[in-house]
Amino acid sequence: MVLSDPESQLAKTVPDAWDYKGRPAARSTTGGWTSAAMILGVEACERLATLGIAVNMVTYLTGTMHLGNANAANDVTNFMGTSFMLCLLGGFVADTFLGRYLTIAIFTAVQALGVTILSISTAIPSLQPPKCTQTGGFSCVPATDLQLAVLYLALYLTALGTGGLKSSVSGFGSDQFDESNKEEKAQMTAFFNWFFFFISIGSLAAVTVLVYIQDNLGRRWGYGIVACCIVLGFVIFMSGTRRYRFKKLVGSPLTQIASVFIAAWRRRHLELPSDPSLLFNVDDVQNAEDPRKLKQKLPHSKQFRFLDKAAIKNNEKPGEISKASKWCLATLTDVEEVKMVITMLPIWATTIMFWTIYAQMTTFSVSQATTMDRHIGKSFLIPAASLTVFFVGSILLTVPIYDRIIVPIAKRFLKQPQGLSPLQRIGVGLVLSTFAMVAAALIEIKRLHMAQAHGLVDDPSKVVPLSVFWLVPQFFFVGSGEAFTYIGQLDFFLRECPKGMKTMSTGLFLSTLSLGFFFSSLLVTIVHKVTGNQDPWLADNLNKGKLYNFYWLLTVLSVINMGLYLLGAKWYVYREHRVAEEGIELEEEQVNK
């Protein structure tokens with residue numbers, strides 16, 4: 001059968017995508033693996049830059065800029081927290097104004113600028129304080145305000161670039177595949193696997209090669225190489241412009257959430273009808289171009305009924321209803337989508353604690369490593385920050401163990417064909433992170449005993465004769481916990497977020513990382529202020545501090561958080577179960593009527 005011209009044209013183009021000139025995207029010359037590969041390169045460079053800076057920055061701040069351990073740890077966690085929090089801003093800009101392509105291009109350039117300034121600041125001696133002296137005791141001159149200002153400018157430009165870039169890379173990569181095409185849909189699944197692989201490659205290169213270069217050849221070389229990689233990634237990304245597929249802007253889900261709350265507030269004095277079918281819904285939208293008309297209708301739920309007022313019809317005529325602003329009148333489906341997001345918030349809140357514990361692995365754990373014996377044999381010295389390689393190693397070990405051992409057990413005993421549910425996986429990760437803090441506290445006690453036994457308490461420049469590999473358990477537990485928590489969170493937010501809010505699901509997930517780092521900064525500030533300078537937990541000289549007490553505090557908070565998480569998980573009903581139950585209730589009500 002010969003296709004007619006319209007059918008032939010439809011088969012040759014992608015239905016919902018356009019090329020760089022605004023024409024329907026040709027299936028044969030746009031998108032696919034060639035385009036996706038150019039996007040993956042940018043993500044690998046982003047991961048190399050962010051992690052390469054974060055894991056080794058605390059040693060630079062304490063050793064070169066002469067900041068205290070508490071201040072250095074806060075600077076690192078604030079940098080990481082800001083990077084992930086700005087993903088929400090980047091996603092909003094991409095969805096509402098610029099689109100993913102321009103967002104990636106602009107913010108990659110911003111990130112390259114930030115890393116370049118960072119490289120320059122480490123190369124110019126006047127932008128660093130003088131080295132510590134032994135004259136009249138061990139004394140160090142802290143960095144000046146100008147020196148810190150240049151450093152912070154570089155770090156937060158990098159954070160801004162990371163946030164904008166990270167928010168759009170995975171989405172723009174998936175845009176290169178057509179979900180309506182069976183072959184390309186399979187390729188999209190493979191793309192996400194490669195996306196995670198490239199993240200791991202960037203992480204591995206950051207904590208091994210890049211950290212080694214920073215410690216042995218100099219920071220300027222390490223950061224200079226990163227800047228060059230980002231510029232190269234930017235050039236490769238821009239060279240693929242003619243091959244990319246572009247999607248139309250759909251608006252930010254944050255706007256929908258705000259509009260529902262504002263519409264509910266404006267109609268707060270109206271009386272809710274007893275029959276939910278009388279509320280304004282997608283069926284009442286007459287404009288074919290209105291994106292609300294394309295949404296899948298959702299059944300009405302009884303939770304958070306005050307939001308239903310956003311969909312009350314207030315004697316408007318049919319034509320007026322259809323033209324009503326979403327800030328004055330929302331569809332019931334819009335309201336139900338917002339309700340779904342609200343029910344996810346307890347889980348969202350209780351996963352923040354995991355990333356607070358994770359933050360310690362890039363701050364105080366690295367500080368511990370600098371005081372310990374890091375030799376392999378007699379000649380090779382492990383960079384302190386390179387211990388984070390055990391994150392990658394434990395993830396690579398945990399994933400096959402989960403697939404080959406845990407999934408079959410879950411299928412047999414829990415009758416769950418997909419293995420552990422997302423909430424169960426998150427719970428396992430939270431438990432492992434608690435074990436990590438117990439191990440960290442016990443090992444820190446052992447390290448302090450060794451320092452006291454060898455008379456090293458007053459001399460932080462001397463190495464404590466204890467192998468750095470004693471720190472491996474805390475890295476291993478957090479890394480294994482990340483394998484469960486990260487994938488569990490991602491699965492949870494992608495599965496449970498409404499279809500119309502998929503772009504926000506990644507933002508919700510990444511915001512838990514951000515808030516975890518910020519909460520770590522808050523805890524460090526409070527503890528440092530409360531314990532003071534007389535008997536500090538977080539001393540500049542770790543041998544005189546009580547870091548183990550800080551780890552015990554995190555252990556207690558983690559146990560409390562675990563209890564709250566279990567309550568939230570027990571209360572939460574998965575979307576597919578909730579929709580099925582509400583559908584059954586609706587049918588029963590109709591029968592009774």
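Residues numbered from 1 in each chain as written. Predicted model: local features only at pLDDT ≥ 70, side-chain atom pairs only at ≥ 80, totals over all residues. Heavy atoms only, no water.

Before going further, it helps to spend a moment on the pattern of salt bridges. This model, assessed by the stated rule, comprises twelve salt bridges. Its salt-bridge partner being Arg100, residue Asp175 comes within 2.9 Å of it at the nearest N-O pair. Taken together, the residues span a long stretch of sequence, with Asp175 in the loop between helix 4 (145–174) and helix 5 (182–216) and Arg100 in helix 3 (residues 69–123) at a distance of 75 residues. Judged by relative accessible area, Asp175 falls into the buried class, the value being 8%. Between Asp458 and Lys544 there is a salt bridge; the shortest N-O distance is 3.3 Å. Here Lys544 lies in the loop between helix 15 (502–531) and helix 16 (547–571) and Asp458 lies in the loop between helix 13 (422–453) and strand 6 (464–467), a separation of 86 residues in the sequence. With relative accessibility at 60%, the residue Asp458 sits in the exposed group. One salt-bridge network, in which partners are shared between bridges, spans Arg305, Asp308, Glu336 and Lys339. (Salt bridge = Lys/Arg side-chain N within 4 Å of Asp/Glu carboxyl O. Helix = DSSP H or I, 4+ residues; strand = E, 2+ residues; numbered from the N terminus. Buried < 20%, exposed > 50% of the residue type's maximum accessible area, 1.4 Å probe, protein only.)

This part is about the packing of aromatic side chains. Summed over all chains, the structure comprises 22 aromatic pairs. Ring geometry for Trp33 and Phe177: centres 5.5 Å apart, planes at 70°, overall edge-to-face. Of this pair, Trp33 sits in helix 2 (residues 32–63) while Phe177 is found in the loop between helix 4 and helix 5, placing the two residues 144 residues apart along the sequence. Members of the aromatic cluster, each reached through a chain of ring pairs, are Phe84, Phe354, Trp355, Tyr358 and Phe517. The ring of Trp265 is capped by Arg268, whose NZ or CZ atom sits 3.8 Å from the centre of that ring. Here the basic side chain of Lys446 rests over the ring of Trp470, its NZ or CZ set 4.8 Å away from the ring centre. (Phe/Tyr/Trp six-rings, centres within 6.5 Å; stacked < 30°, edge-to-face > 60°. Lys NZ or Arg CZ within 6 Å of the ring centre and 35° of its normal.)

This part covers helix 6 (residues 219–239). Because each turn of an α-helix spans 3.6 residues, side chains separated by three or four positions in sequence point in the same direction. Between its terminal C-alpha atoms helix 6 stretches 30 Å, which fits the 30 Å expected from 21 residues at 1.5 Å a residue. Within helix 6 the residues assigned to the buried category are Arg219, Gly222, Tyr223, Gly224, Val226, Ala227, Ile230, Gly233 and Phe237. (Expected span 1.5 Å × (residues − 1).)

Another point: the state of the cysteines. Such a bond, covalent and formed between the sulfur atoms of two cysteines, is termed a disulfide. Applying the stated criterion across every chain yields a total of one disulfide. Between Cys229, a cysteine without a disulfide, and Cys45, which holds the nearest cysteine sulfur, the sulfur-to-sulfur distance is 5.4 Å. (Disulfide = S-S within 2.5 Å.)

Here we come to the nonpolar core. The biggest cluster of nonpolar side chains holds 113 residues, and the ones touching the most others in it are Met57 and Phe550. The contacts of Met57, once residues within four sequence positions are left out, are Val76, Leu118, Leu155, Arg219 and Tyr223. (Core = buried A, V, L, I, M, F, W, Y, C linked by side-chain atoms within 4.5 Å. Contact = heavy atoms within 4.5 Å.)

Once that is clear, we can look at unusual backbone geometry. The phi torsion at His66 lies on the positive side, around 60°, for a residue other than glycine. You can see His66 is positioned in the loop between helix 2 and helix 3. Phi at Phe304 is positive, roughly 50°, even though this residue is not glycine. Mapped onto the secondary structure, Phe304 falls in the loop between helix 7 (253–266) and helix 8 (318–323). Given the relative accessible area of 26%, Phe304 is considered partly exposed.

Its place among the elements puts Asp308 in the loop between helix 7 and helix 8. At 2.7 Å, the side chain of Asp308 forms a polar contact with the side chain of His300. Setting aside its immediate chain neighbours within four residues, Asp308 contacts Leu272, Leu279, His300, Ser301, Leu332, Val335, Glu336 and Lys339. (Polar contact = N/O pair within 3.5 Å; in protein donor to acceptor, adjacent residues only side chain to side chain.)

On the surface, a cluster of nonpolar side chains totalling about 650 Å² of accessible area is made up of Leu397, Ile401, Ile405, Ile409, Phe413, Leu414 and Phe476. Relative to the helices and strands, Ile409 resides in helix 12 (residues 389–413). (Patch = residues over 30% accessible without salt bridge, like charges linked within 9 Å, V, L, I, M, F, W, Y side chains within 5 Å. Areas by Shrake-Rupley, 256 points an atom, 1.4 Å probe, with all protein chains shown as cover.)

Packing of helix 10 (residues 352–361) against helix 13 leaves a shortest axis separation of 10 Å and a crossing angle of 40°. Looking at the two axes, helix 10 sits oblique to helix 13. For the pair helix 10 and helix 13, the crossing hand works out as left-handed. Counting all contacts with helix 10, which are made through Phe354, Ile357 and Met361, the residues of helix 13 involved are Gly429, Leu430, Ser433 and Met437. (Axes fitted to C-alpha atoms, helices over the stretch in contact; angles between N-to-C directions. Parallel < 35°, antiparallel > 145°, perpendicular 65-115°, else oblique. Left-handed = near helix turned anticlockwise from the far one by under 90°.)

Burial along strand 6 is one-sided: the face carrying Val464 and Leu466 is buried and the face carrying Pro465 and Ser467 is not. Judged from the two bridges that link them, strand 3 (residues 372–373) and strand 6 form a sheet pairing that is parallel. Its bridge partner lying in strand 6, Met372 is registered against Val464. (Pairing = 2+ DSSP bridges.)

This next bit is on helix 12. With 25 residues, helix 12 extends 34 Å between its outermost C-alpha atoms, agreeing within 8% with the 36 Å of an ideal straight helix rising 1.5 Å per residue. Phe391, Val392, Ser394, Ile395, Thr398, Tyr402, Val407 and Ala410 are the residues of helix 12 that are buried.

So, about the confidence of the model for the chain. With 88% of its residues at a pLDDT of 70 or more, the chain shows a mean pLDDT of 83. Between the elements of the chain, mean pLDDT differs from a low of 53, seen in helix 1 (residues 5–12), to a high of 95, seen in helix 16. Note that residues 1–10 has pLDDT below 50 and, in this model, one contact with residues that lie over four places away or in other chains. (pLDDT = per-residue confidence, 0-100.)

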